[in-house]
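A look at the structure
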Amino acid sequence: MTYQVILPAAGQGKRMGAGKNKLLLSLNDIPILIHTLRVFEEDDHCEGMILAIHPQDEAEFNRLLKNYQIQKVTRLVPGGKERQDSIYNALKTVKSDGIILVHDAARPFIKIEQIHRLTKTAETAGAAIIGVPAKDTMKKVQDGVVTETVERSSLWAVQTPQAFRISLLLQAYDQAEEDEFIGTDDSSLVERMGYPVDIVEGDYDNIKITTPEDLYFAEAILKKRQKEFC
Ligand code: CTP
Ligand code: MG
């Protein structure tokens, strides 16, 4: 049950406001990018990583890959304007069929056990995503006024990785380009083709580091993980 993984890493980190790509910020003295790559480096099922990067980060990324001895990155491809463009650039370089994962480089806390449950599901279903049941009460709001309280039991917060048969994802991306459709995740491109997507329950630790306060949550998660290992 092997797979390849595309890691979009070409963002600007505007909401983090660090003046550089947030993936270069450190947690416990190790860049966020490396925390994420290490998970796949250590997973025997991972056959290769394709990184979409901003050209301005290329020298620094190459230096980090070398210093931290990350061996499984098969290529760096130029990112695009939107996350979806970055992933499409990477996807177009994938030749063989099999399972492809898309995982945000900004989610360093994904666990190998979760990746395996996801890829196993994608092998049979063709498309599978990871997420967690919504914890908050959800409401629809229009012009500052609540219009509806949405039934929570059917709502999930969706994360990455998302896993697909390569030919299916490529078809979905080609179609999205033709229709000029921009989705907020990869699954939505597959869903709009009428293809059923399975969901696998992950955990709430798999946060995307987005704003400065996420760094505090991230430090806490790392501390908890270190205790678990002791
Ligand atoms: N990403 C990308 N190409 C883009 C935009 C985003 O590869 N054109 C990547 C980011 O590097 C990140 C992931 O997609 O790993 C999720 O995006 P997000 O959390 O929004 O990161 P940024 O775009 O960097 O942050 P911001 O939106 O605050 O600028
Ligand atoms: Mg962004």
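Quick note: structure is the one above.
Per chain, residues are indexed from 1 in the order of the written sequence. The lettering of chains begins at A and the numbering of ligands begins at 1, in the order of writing. Where totals are concerned, whole chains, interfaces and linings use all residues; where local detail is concerned, this predicted model gives features only for residues with pLDDT of at least 70, and gives and counts side-chain atom pairs only at 80 or more. In computing side-chain properties, one takes all heavy atoms of the structure into account and sets aside hydrogens as well as water.

Quick look at the nonpolar core now. If you look at the biggest cluster of nonpolar residues, it comprises 43 residues, and the most contacted ones within it are L33, L37, F40, M49 and L51. Segments assigned H or I by DSSP are reported as helices when at least four residues long, segments assigned E as strands when at least two residues long, and all are numbered from the N terminus. For this core, the secondary structure elements donating two or more residues are β1 (3-8), α1 (32-42), β4 (46-53), α2 (58-67), β6 (99-102), α4 (112-125), β7 (127-133) and α7 (212-229). Among the elements that line this core, the one with the most residues is α1, at six residues. Setting aside residues up to four positions removed in sequence, L51 forms contacts with L7, L33, L37, F61, V73, R75, L76 and V77. Of all hydrophobic cores here, the second largest spans 21 residues; its members include I50, Y88, L168 and V190. In this description, a nonpolar core means a group of buried Ala, Val, Leu, Ile, Met, Phe, Trp, Tyr and Cys residues linked to one another through side-chain atoms lying within 4.5 Å. Each residue is assigned to one of three classes by its accessible area relative to the maximum for its type, calculated with a 1.4 Å probe on protein chains only: buried under 20%, partly exposed between the two thresholds, exposed over 50%. Residue contacts are defined here by distance: any two heavy atoms, one from each residue, within 4.5 Å place the two residues in contact.

Time to look at the packing of aromatic side chains. Any pair of aromatic rings gets described here by the distance separating the centres and the angle formed by the planes. Between rings of Phe, Tyr and Trp, where Trp is taken as its six-membered ring, a pair exists when centres lie within 6.5 Å; planes separated by under 30 degrees are stacked, by over 60 edge-to-face, and by other angles tilted. Per the counting criterion, the structure on display carries two aromatic pairs. Judged by centre distance (6.3 Å) and plane angle (80 degrees), the ring pair of Y3 and F40 falls under edge-to-face. Taken together, the positions of Y3 in strand β1 and F40 in helix α1 put the pair 37 residues apart, joining distant regions of the chain. By relative accessible area, which is 1% here, Y3 ends up buried. Definition used: whenever NZ (Lys) or CZ (Arg) falls within 6 Å of the ring centre and also within 35 degrees of the ring normal, the charge is taken to sit over that ring. Directly above the ring of Y88 sits K92, whose terminal nitrogen or CZ lies 4.1 Å from the centroid. Directly above the aromatic system of Y204 lies the positively charged group of K135, at a separation of 4.0 Å from the ring centroid.

Turning our attention to the site of ligand 1. It suffices for a single heavy atom of a residue to lie within 4 Å of a molecule or strand for the residue to be listed as near it. In the vicinity of ligand 1, 19 residues are found, and the nearest of them are K14, R15, K22, S86 and K208. Each polar contact in these results corresponds to two N or O atoms within 3.5 Å; when the atoms are within protein, one needs to be able to donate a hydrogen and the other to accept it, and residues that are neighboring in sequence are counted only if both atoms are side-chain atoms. G11 places a polar main-chain atom, nitrogen or oxygen, 2.9 Å from an oxygen atom of ligand 1. R15 places a main-chain nitrogen or oxygen 2.8 Å from an oxygen atom of ligand 1. Where accessible areas are quoted, they stem from the Shrake-Rupley method and a 1.4 Å probe; at the residue level, only the protein chains shown are allowed to cover. Surface burial for ligand 1 is 88%, taken as the share of its 560 Å² of free accessible area covered by protein chains. Any residue with an atom within 4 Å of a point lines the site, the site being either a cavity, points on a 1 Å grid over the protein atoms alone where a 1.4 Å probe fits but cannot get out, or a pocket, an open set with protein on both sides within 12 Å along at least 5 of 7 lines. More than half of a molecule's atoms lying within 2 Å of a cavity's or pocket's grid points is what places that molecule inside it. Among the detected pockets, ligand 1 sits in the largest pocket.

What follows concerns the sheet that holds β1. Across the sheet, seven strands lie side by side as β5-β4-β1-β6-β10-β7-β11; this open sheet has mixed pairing. What marks the edges here is a single partner per strand, and that holds for β5 (73-78) and β11 (198-201). When the angles between neighbouring strand axes are averaged without regard to direction, this sheet yields 25 degrees. At least two DSSP bridges between two strands are required for those strands to pair. In this structure, β7 lies alongside β11, joined through four bridges in parallel fashion. Residue pairing across strands places G131 opposite E201, the latter belonging to β11. Of the strands in this sheet, β1, β6, β7, β10 (156-165) and β11 are in contact with α4, which crosses β10 at around 60 degrees. Throughout, an axis means a line fitted to C-alpha atoms (over the contacting stretch in the case of helices), and angles, computed between N-to-C directions, take values from 0 to 180 degrees. On the sheet, helix α5 (residues 166-179) packs against β1, β6, β7 and β10 and is oriented at approximately 115 degrees with respect to β10.

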